[in-house]
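What the coordinates show
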Amino acid sequence: MVDRNIFRKIQDIRNKALAKYSHFNVGAGLETTDGKLYLGHNIESSSYGLTICAERVALFKALSEGERDFRRIYILANNEEFCPPCGACRQLLIDYAPNIEVILLTDSGAEKSYRISELLPEAFTEKRLK
Ligand code: THU
């Protein structure tokens, strides 16, 4: 069960999403192994393809602050359905957080959890570059 306090923070960030084209608001909370929480929401562009997902915003914030060890990421959308991360976010997550737990949430309190390796089987990772 997600901690109440964290859940509220993810709802708050989700509600701040810049999603005027899709009206699909997403919030993400990325927790480091030492318990810090980096929040992100999706940011859409009038040039639609430049849009960035909530998960990558949270990940890039954390990486750019020097964080390197991640425990879990929570994801919450505004439509009462689970919001699994898109392919691009799965790739970035496996690159920078290969053991991360991905926890999908809904406002009504449903939860579903995966390992990133389940969500991206046979992943291309840095090992293949050697
Ligand atoms: N989106 C996310 O932020 N995370 C996801 O996991 C899926 C999609 C965003 C991108 C876009 O702003 C909107 O949701 C609709 O695709």
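Structure report, in brief. What you are looking at is a predicted structure, and each value in this text was computed from that prediction instead of being measured.

When you tally the buried positions in strand β3 (residues 70-77), you get six out of eight residues, the bulk of the element. With seven bridges joining them, strand β1 (residues 26-32) and β3 adopt antiparallel strand pairing. Paired with Leu30 across the two strands is Ile73, which belongs to β3. Where β3 meets strand β4 (residues 101-105), five bridges bridge the pair, whose relative direction is parallel. Directly across from Ile75, in β4, lies its bridge partner Leu104. Running through helix α3 (residues 87-96), the crossover from β3 to the neighbouring parallel element β4 is right-handed.

Right, let's talk about the side chain of Asn25 for a bit. The topology assignment puts Asn25 in the loop between α1 (4-15) and β1. Here the side chain of Asn25 touches Arg14 through a polar contact of 3.4 Å, landing on its backbone oxygen. Filtering out sequence-adjacent residues up to four positions away, Asn25 remains in contact with Arg14, Asn15, Ala17, Ala19, Asn42, Leu76, Ala77 and Asn78.

With that out of the way, let us pick up the site of the ligand. Close to the ligand lie 13 residues, the nearest being Asn42, Glu44, Cys53, Ala54 and Glu55. Taking Glu44, its side chain carries an N or O atom lying 2.5 Å from an oxygen atom of the ligand. Note that an oxygen atom of the ligand is positioned 3.0 Å from one of the backbone N or O atoms of Ala54. When the free accessible area of the ligand is taken as 370 Å², the share hidden by the protein chains comes to 79%.

Parameters at a glance
Residues numbered from 1 in each chain as written. Predicted model: local features only at pLDDT ≥ 70, side-chain atom pairs only at ≥ 80, totals over all residues. Heavy atoms only, no water. Buried < 20%, exposed > 50% of the residue type's maximum accessible area, 1.4 Å probe, protein only. Helix = DSSP H or I, 4+ residues; strand = E, 2+ residues; numbered from the N terminus. Pairing = 2+ DSSP bridges. Right-handed = clockwise from strand over helix to strand, strands pointing away. Polar contact = N/O pair within 3.5 Å; in protein donor to acceptor, adjacent residues only side chain to side chain. Contact = heavy atoms within 4.5 Å. Near = heavy atom within 4 Å. Areas by Shrake-Rupley, 256 points an atom, 1.4 Å probe, with all protein chains shown as cover.

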